[in-house]
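Summary of the model geometry
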Amino acid sequence: MSAFNLETCARPNILSLVPYRCARDDYKDDGKNILLDANENAYGPSISSGFSTGSSSSEIDLLGLHRYPDPHQEELKQLLCNLRNTNHHTSKPLTPENLFVGVGSDEAIDALLRAFCIPGKDRILTCPPTYGMYAVSAQVNDVSIVKVPLGSAPEFSLDVPAVMETLSNEPNIKIIYLCSPGNPTSTLIDKADVERILAHPTWNGVVVADEAYIDFAPEDASLAQLAVEYPNLVVMQTLSKAFGLAGIRLGAAFTSPAIARVLNSLKAPYNISSPTSALACHALSKDGLAVMTAHRDKLIAQRERLVGELGKIEGVGRLRGGLASNFLLFEMLNAEGQPDNVTALAVYEALAETKGVVVRFRGKEHGCAGCLRITVGKEEEVDRFLEALKKTLAEVRKTGETVSSAEEENKEKAANGVVA
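So, a few notes on the structure that sits alongside this text. All of these numbers come straight from a predicted model, not from anything done at the bench. (Residues numbered from 1 in each chain as written. Predicted model: local features only at pLDDT ≥ 70, side-chain atom pairs only at ≥ 80, totals over all residues. Heavy atoms only, no water.)

Regarding the overall build of the chain
- In terms of regular secondary structure, the chain is built from 12 helices and 13 strands.
- Counting only residues that meet the buried cut, the chain has 50% of its 420 residues in that class.
- Counted over contacts in the chain with a minimum sequence separation of 6, partners at least 24 positions apart contribute 73%.
- With the model as given, the accessible surface of the chain reaches about 19,400 Å², and the carbon-plus-sulfur share is 52%. (Helix = DSSP H or I, 4+ residues; strand = E, 2+ residues; numbered from the N terminus. Buried < 20%, exposed > 50% of the residue type's maximum accessible area, 1.4 Å probe, protein only. Contact = heavy atoms within 4.5 Å. Areas by Shrake-Rupley, 256 points an atom, 1.4 Å probe, with all protein chains shown as cover.)

Quick word on the state of the cysteines
- Tallied over the full model, the rule gives 0 disulfides.
- Not part of a disulfide, C371 finds its nearest cysteine sulfur in C368, a span of 5.3 Å.
- Relative accessible area serves as the criterion here: at 1%, C371 is assigned to the buried category. (Disulfide = S-S within 2.5 Å.)

A closer look at the side chain of N39
- Inspection of the secondary structure puts N39 in the loop between β1 (34-35) and α3 (74-84).
- Reaching out from N39, the side chain makes a polar contact with the side chain of Y213 at a distance of 2.9 Å.
- Apart from the residues lying within four places of it in its own chain, the contact partners of N39 are N183, Y213, K241, N326, F327, R373 and T375. (Polar contact = N/O pair within 3.5 Å; in protein donor to acceptor, adjacent residues only side chain to side chain.)

With respect to the pattern of salt bridges
- The full count for this structure, using the stated rule, is 16 salt bridges.
- A salt bridge links D297 to R296, with the shortest nitrogen-to-oxygen separation between them at 3.7 Å.
- K378 is the salt-bridge partner of E380, the closest N and O atoms lying 4.0 Å from each other.
- With relative accessibility at 24%, the residue K378 sits in the partly exposed group. (Salt bridge = Lys/Arg side-chain N within 4 Å of Asp/Glu carboxyl O.)

Structure follows, in structure tokens:
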């Protein structure tokens, strides 16, 4: 018999790992559901009608798939630089030397941890509520987390004094992960706040701004080009959201040439496939950008519509975040008119199980009591969601009133010595 024992052979931090979960772990895509849970672009990829498979620069050369892809991705990196060289924050241009491209933003998150954090010793700082993969990747790499919560809703602003004090007093913090626009908050972090942290007089670490949803924010919001001004700033972006290319898994990290060299040195040799590169390059071309802009504008119009319509539905509470992304964070109210996790969870489950509409329950996150995160969909998807939400809330709140009445009746009987 083999002496192998998984429990003693594998790393303890991996055995105790709780993997990242999404709503589709519970509610699969059966082709009939409306998926408003993962902040995807419902209008599809930023691919123009003229794109096809073949051999030109705007096509995928299927005959070249027997060759390894370009390990350096210079063309793709230059197109990403062209997109972000807006000169809003500096006149110094980004160049391909400032870029790391990876398999989604998740590869950059993990690569930064491996580059800067010694397992079992160093730590990272996060500001909840925030994206869950920072914690998952940290645990995989045996790196602990120091948390400095964001301020209260709806602003969810960065608590800069608390962050600065933590960096001064807590040892071995190597990376700060800041989500801007935030997930699930949809709020932007002020450029001045980021610069204050970058200028910390004693802290030796890296500030990471995760801008996955930046193309839904105001035009001057991205800090990508600011990476040429600060040696310890990393700005992560992705083509999964506004560009509608979640399926190709393409992320980018804009940073100083020195950090970019470190990240490029530790990546797998051919981490970006040829089809991924070709699709990404097309999406970043003039034709692709025109498609992305058209899709984005439609989503922003539906976002504004949702804000107006949700406020009219009985049982929907306050907007508890910003308007800088393709999703919204709203409270669900119980029969007493209070934001309530029991109600929000019941609405989430009933929407998926009886109405075929999948959103995301976020009530357990800091500052998000009673909240659902709702991805903005196409007009017809928003129509169906609003109608489903009205019916579901009415059903859930009626059930809640019945339960509350029964509880009060039982309390009254108990007080009078009657056993129910």
